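Coordinate inspection notes
Residues per chain are reported as follows:
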Amino acid sequence: MANKHLYGCCLTLILCFSACFNAYAREYHYGALENPDLLQCEDLHWSGELSAAKSCFRGLINASQPLFVQAEAIWALGDRKTANSRFSAASKAEPSNSRLLVRWGALYADTYQSQEALNLFSEALQLDPDNAYARLATAEILLESGGTDALEQFAALIEDRSMPVGVRVKANIALARVALQRDESERADTLLDDAANLAGNDITLLLANYAMRAGRAVRAREDPDEWITRALDINPAYGDAYAIPAYFYMITFRYDETGEYYQRAVDVQADHWEAHLSLAANHLRQNRPTPAREHYELAYAGDPFNPELVNSLRLLDYYDTFSVTSYPEHSPGSSPGSSPGNSPGIDEERLLPDLSLRLDTEEKEVLAPYASRLALKALDTFSDRYGFELKQTATIEIYPNHDDFIVRALGMPGTALLGVAFGYVVAMDSPNAQAGEDYHWGTTLWHEVAHIFTLEASKHNIPRWFSEGVSVFEEWNTGPIKTIRIPLHVLESLRTQEFLPIAELDSGFVQPEYQNQVIVSYMQAGLICEFVKRNFGFPKLVDMLNAYGDGVDTPGVVKEVLGLSTGDFDVQFSEFFTTEFGEQIKQLDEWRAVQVQANKALSDESWDSALEAAQQAIDMMPAYIEVDSPYLTKARALVGQENIDAQMVTLETFWRNGGYEATSLFALAKYLQEQDRFDDAIKVLQSQLLVAPFDLELHFLLGDILLQRERASEALTEYQVALALNPLDKAAAHYRLGNALYQLGDLEQSRHNVLTALDAAPHYRPAQKLLKSILGNL
């Protein structure tokens, strides 16, 4: 059973690269359909003479030119629908022309119809199995969809010296891009050097090389401007000279520089629609929806085929309807996060709120009390632990629809994330966005807020693995569920796969090589932080974060802070993991078999057998507390035996170990109430607010017990939330509100709610009795 809150997170996970790398070298762009007239126009374009190039292309749209030349010229001028019609006509006239099919497929790729493009490339390869351009284009689309075999296809094109030079150059640059995503700078250097040697003096082939070298400089935290200048010397209107380094600023979480360089890209190339889109997305990451909309609309006007633009514009319309609340609202002279007489170390001049909560209007009244309380606690916790005060307001957005959240995070739906952090801005799924009882939204929020601190405290100079590792580590150590939780499928994967070396751990997030490697990398990163805490002390984790902030790389951080080489660290970490989890991995098959046996006995109502098997599973893996935990199997078997006391002891153990299955814990809370264990009942129910805040009965029960314990202010919150959930029994809801307000001394509001209750149910005796007490005290 997947525990969703553990790994459905990302730091601006970027799935696609083509949107910021749209310039193909001449031989690739037109090499499939060589034509001197087209090449003349192309030369003008790539030298930056855009007006002359457009005039040149217009001159090719006449009946004297072949249909394929007309199609290419129309496409170059931006009319992709008409270009498609000309390609179709050209293909009918020359059905065996494989090169024409490649160009037609490239047009489909340019309109984001990857499968149709692949179909045309496949047809071309059936006609000509050695068609280099079809092979290259196929590999590019496969790479964008995450296919690892694309890397082998690029390598084969490079090694085959019979391939056209432009194809080999493009393949080298594609592999260099992957190497830079993995932070393998030396390999990228080799690939780019090889590409440059192949390109010779062909300026159109050198353009992409220089742009990628600018990206390499960004990855190495060097100044990219030398390479940008070289590219612009060839073509002053070459937007990718800025857009490609902007992409690498973005994947290394440096959003200020990301925005600056995407802005420069559109400044030199106003029709660089992909850069407008990326600039808009970056504005939204930094909580600037107005300029985001401006650039989304510009991009859509020029590229209406892009589904990411359509999704993003629709999202912005919805985004503008959100309710925004700041916490706390500071009065003049106060400072955020302070209390009267107690504000050491806080900048008195900073009057920004600590937190801005952006919620759907239909969820605000339910989520705001709990999300704000948990987020503020997380901000205080991490500020103390990492010695860092935030310089801006932390913004948290919670989406009731998962696809809306994914569009906010990535531009396109269809990905199984739960939360994302963009520095000071966090976006995540609401409980309503996830089906089932295994989504712990409180843990997701805690995880994402931790990212704010690791990103900002390190000045965004941090590898992906360390920021994710700290977030997972903080889930386990300070979050709502304080226990180490390793999903079973991770343990299963580790039976046959090994952890990555610490120096290469980022690649497990960026370019996974097997199905579960991303989640395995999350867990490895969290366990590395746990290992450092246990063996070196928690302050060393803080030292590691600060060292990254100083620009030290992972081998340097491990040596400087821990006194180890990365090789020695890997050995010691492996020993730690084996000690902690080796036995669980060994007995995984047996544990699964016992689980099946217990569930089968439960289904057969063989209570004794179910109890015996469930207890055996608990003994083998006592920390397993997911929604299919053997603790719950044991509890249900005890119900079958009508042994309620033993059932509740089991459920309490489950809860204290971190279990959060809502139905069972609601029953536990009612039992604890009946046993006069009111404070424990309150704790159980409050833990469920971070799982099932839209459960009406949870709020009524929690409010009633709080009121019974004379905690009227807290009870009032629960009754207000219950009323916001639009209960059928309005009379009971308003009566409860009135009762809490009466205990708080607000007699006028108490009277108002009791009268509302009596309007709904005139003979409601508790309300009549309360009204009499109110009137007697007015």
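Above this note sits the structure.
Since the model is a prediction, treat every value here as computed from it, not as a measurement.

Before going further, it helps to examine the overall build of the protein. Assigned secondary structure in the protein consists of 39 helices and 6 strands. Relative to the globule expectation of 28 Å for 778 residues, the C-alpha radius of gyration of the protein, 31 Å, shows essentially globular dimensions. Referenced to the eigenvectors of the C-alpha coordinate spread, the extents of the protein come out at roughly 95 × 60 × 55 Å. Counting all 778 residues of the protein, 57% fall into the buried class.

Moving on, we come to the pattern of salt bridges. Summed over all chains, the structure comprises 33 salt bridges. Across the pair E468 and R464 runs a salt bridge whose closest N-O atoms are separated by 3.0 Å. A residue pair is termed a helical-turn pair when its members lie 3 or 4 positions apart in one helix, as E468 and R464 do in helix α22 (residues 464-478) at 4 residues. The same class applies to E468 as to R464, namely buried. A salt bridge links R534 to E530, with the nearest nitrogen and oxygen atoms 2.9 Å apart.

A separate point is the state of the cysteines. One pass over the structure, following the stated rule, counts 1 disulfide. Across a sulfur-sulfur distance of 1.9 Å, C41 and C56 are joined as a disulfide pair. Between C41 and C56 the disulfide shows an S-S torsion of about -75°. By sign, it is left-handed. Here the residue C41 occupies a position in helix α2 (residues 36-46), and C56 occupies one in helix α3 (residues 50-58), the gap between them amounting to 15 residues. With relative accessibility at 0%, the residue C41 sits in the buried group. When its relative accessible area of 16% is taken as the criterion, C56 is described as buried.

Moving on: the environment of E530. Along the chain, E530 falls in helix α25 (residues 517-536). Taking the relative accessible area as the measure of exposure, E530 reaches 3% and is therefore buried. For the pair formed by E530 and R99, sequence separation is 431 residues and the distance between their alpha carbons is 56 Å. Within polar-contact distance, the side chain of E530 engages the side chain of R534 at 2.9 Å.

Throughout the structure, instances matching the rule amount to 30 aromatic pairs. When the ring of Y210 is compared with that of W227, the centres are 5.9 Å apart and the planes differ by 40°; the resulting orientation is tilted. You can see Y210 sitting in helix α12 (residues 203-219) and its partner W227 sitting in helix α13 (residues 225-234), a full 17 residues away along the chain. The class for Y210 is buried, based on a relative accessible area of 15%. Here the aromatic cluster, defined as three or more aromatic residues joined through ring pairs, consists of F499, F531, F536, F569, F573, F576, F577 and F581. The side chain of R736 reaches across the aromatic face of F700, ending 4.2 Å from its centre.

In this structure, the second largest pocket occupies an estimated 600 Å³ of space. As for the second largest pocket, its lining consists of 25 residues, and the residues nearest its centre are P480, K683, Q686, S687 and L690. For the lining of the second largest pocket, the secondary-structure elements that each account for two or more residues are α19 (364-386), α32 (644-656) and α34 (678-688). Taken together, the residues that form the lining of the second largest pocket break down as 9 nonpolar, 10 polar and 6 charged.

Put simply, Y327 and P328 share a cis peptide bond, and its omega is -25°. Secondary-structure assignment places P328 in the loop between β2 (323-327) and β3 (355-359). Non-glycine residue D183 carries a positive phi angle of around 65°. Examined against the element boundaries, D183 turns out to sit in the loop between α10 (165-181) and α11 (185-199). The backbone of K459 sits at a positive phi, close to 60°, despite the residue not being glycine.

Once that is clear, we can look at the packing of helix α4 (residues 67-76) against helix α5 (residues 80-93). Axis separation between α4 and α5 bottoms out at 8 Å; the angle between their running directions is 165°. Here α4 is positioned roughly antiparallel relative to α5, judged by the angle of their axes. Between α4 and α5 lies a crossing of left-handed hand. Between α4 and α5, the residues in contact are L67, F68, Q70, A71, E72, I74 and W75 and R80, T82, A83, R86, F87, A89 and A90, respectively. Looking at the contact of α4 with α5, its residues break down into 9 nonpolar, 2 polar and 3 charged.

Cut-offs applied
Residues numbered from 1 in each chain as written. Predicted model: local features only at pLDDT ≥ 70, side-chain atom pairs only at ≥ 80, totals over all residues. Heavy atoms only, no water. Helix = DSSP H or I, 4+ residues; strand = E, 2+ residues; numbered from the N terminus. Rg over C-alpha atoms; globule rule 2.2 N^0.38 Å. Buried < 20%, exposed > 50% of the residue type's maximum accessible area, 1.4 Å probe, protein only. Salt bridge = Lys/Arg side-chain N within 4 Å of Asp/Glu carboxyl O. Disulfide = S-S within 2.5 Å. Polar contact = N/O pair within 3.5 Å; in protein donor to acceptor, adjacent residues only side chain to side chain. Phe/Tyr/Trp six-rings, centres within 6.5 Å; stacked < 30°, edge-to-face > 60°. Lys NZ or Arg CZ within 6 Å of the ring centre and 35° of its normal. 1 Å grid on protein atoms, 1.4 Å probe; cavity = no way out; pocket = protein on both sides within 12 Å on 5 of 7 lines; lining within 4 Å. Points joined across faces, edges and corners; volume = space filled by probe spheres on them. Nonpolar A, V, L, I, M, F, W, Y, C, P; charged D, E, K, R; others polar. Axes fitted to C-alpha atoms, helices over the stretch in contact; angles between N-to-C directions. Parallel < 35°, antiparallel > 145°, perpendicular 65-115°, else oblique. Left-handed = near helix turned anticlockwise from the far one by under 90°. Contact = heavy atoms within 4.5 Å.

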